[in-house]
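Structural features, examined
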Amino acid sequence: VQLQASGGGLVQAGGSLRLSCTTSGRTRINYVVGWFRQAPGKEREFVAALGWADDTTIYSDSVKGRFTIFKDNEKDTVYLQMSSATPEDTAVYYCAASQSTTMSGMYPHEYPFWGQGTLVTVSS
């Protein structure tokens, strides 16, 4: 499974940005795709995850109500729509995938497949 994250950039506080995670390989049935982020000097933290088979979604408390994770089956792409961005959202964002059916979806060690990061900078 290969993952390609893109869409990062500079956005003003209160603005919106859409990140994309394009998948290739066997990423369909029973996969979970998650987004994580890592700010300078901080540990990688969970942002959101989506179950490919049933579109189940989970979010961290810090982004719930502001970010939306969704997918496009035809494009094999999972998106993270960021809205009402704050400077605290500044980080390198990573997408990851797992085929586990018993995972919580919220911990980096649950995901064996990772894409490269894409930098999001939110200016105040």
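As a starting point, this report considers the structure included with it. (Residues numbered from 1 in each chain as written. Predicted model: local features only at pLDDT ≥ 70, side-chain atom pairs only at ≥ 80, totals over all residues. Heavy atoms only, no water.)

1. Considerations on the overall build of the protein
What counts is decided by this rule: By definition, any uninterrupted DSSP run of H or I lasting at least four residues is a helix, any uninterrupted run of E lasting at least two residues is a strand, and each is numbered from the N terminus. The atom set for the radius of gyration is the C-alpha atoms, and the globule formula is 2.2 Å times the number of residues raised to the power 0.38. Only protein chains enter the area calculation, which uses a 1.4 Å probe; residues under 20% of their type maximum are buried, those over 50% are exposed, and those in between are partly exposed. Whether two residues touch is decided by their heavy atoms; if any such pair falls within 4.5 Å, the residues are in contact. Positive residues here are Lys and Arg, negative ones are Asp and Glu, while His and the chain termini are left out of the count. Where a charge lies is defined by one atom per residue type, namely NZ (Lys), CZ (Arg), CG (Asp) and CD (Glu).
On a plain count of helices and strands, the protein comes out with zero helices and 11 strands. Relative to a compact globule of 124 residues, whose C-alpha radius of gyration would be 14 Å, the protein shows 13 Å and is just as compact. With the C-alpha coordinates of the protein rotated into their principal frame, the extents come out at 40 × 30 × 25 Å. Across the 124 residues in the protein, those meeting the buried criterion constitute 45%. In the protein, the share of contacts with a sequence separation of at least 24, taken over all contacts with a separation of at least 6, comes to 56%. In the protein, 10 side chains carry a positive charge and 11 a negative one; their mean positions are 3 Å apart.

2. What about the sheet that holds strand E8 (residues 77-82)?
Our working rule: When DSSP finds at least two bridges between two strands, those strands are taken to pair. Axis definition: a line fitted to C-alpha atoms, limited for helices to the stretch in contact. Angles are taken between N-to-C directions and run from 0 to 180 degrees.
Ordered in space as E1-E3-E8-E7, the four strands form an open sheet in which the pairing is antiparallel. In this open sheet, the two strands that pair with only one neighbour each are strand E1 (2-6) and strand E7 (67-72). Recorded for the sheet is a direction-independent mean angle of 15° between the axes of neighbouring strands. Pairing of E1 with strand E3 (residues 17-24) involves five bridges; the strand directions are antiparallel. Looking at E3, one finds that Ser6 is bridged to Ser20.

3. A closer look at the environment of Glu110
We apply this condition: We define a polar contact as two N or O atoms separated by no more than 3.5 Å, with the added condition that, inside protein, one atom must be a possible hydrogen donor and the other a possible acceptor, whereas residues neighbouring each other in sequence contribute only through side-chain atom pairs.
With respect to the element layout, Glu110 can be found in the loop between strand E9 (91-98) and strand E10 (113-114). In this structure the C-alpha to C-alpha distance between Glu110 and Val32, which are 78 residues apart in sequence, comes to 9.9 Å. Setting aside its immediate chain neighbours within four residues, Glu110 contacts Ser98, Met103, Ser104 and Gly105. There is a polar contact of 2.9 Å between the side chain of Glu110 and the backbone nitrogen of Gly105.

4. Notes on the nonpolar core
The cut-off we apply is this: Put simply, a nonpolar core is a bunch of buried Ala, Val, Leu, Ile, Met, Phe, Trp, Tyr and Cys residues held in one set by side-chain atoms that sit within 4.5 Å of each other.
Leu19, Trp35, Val47, Ile69, Leu80, Met82 and Tyr93 are the most contacted members of the largest nonpolar core, which has 28 residues in total. Of the residues forming this core, the biggest block, four residues, is contributed by E9. Judged by nonpolar contacts, the second largest core, of seven residues, contains Phe36, Phe46, Ala96 and Tyr111.

5. Overview of the pattern of salt bridges
Put simply, the rule reads: Between Lys or Arg on one side and Asp or Glu on the other, a salt bridge is scored when a side-chain nitrogen of the former is within 4 Å of a carboxyl oxygen of the latter.
A complete count under the given rule lists five salt bridges for this structure. For Arg66, the salt bridge goes to Asp89, with nearest N and O atoms at 2.8 Å. With Arg66 in the loop between strand E6 (57-59) and E7 and Asp89 in the loop between E8 and E9, this pair connects stretches of sequence that are 23 residues apart. Judged by its relative accessible area of 18%, Arg66 is buried.

6. Some thoughts on the side chain of Arg66
Among the polar contacts made by the side chain of Arg66, one reaches the main-chain carbonyl oxygen of Ser84 at a distance of 2.9 Å. For Arg66, the contacting residues outside a window of four places in its chain are Gln81, Met82, Ser83, Ser84, Ala85, Thr86 and Asp89.

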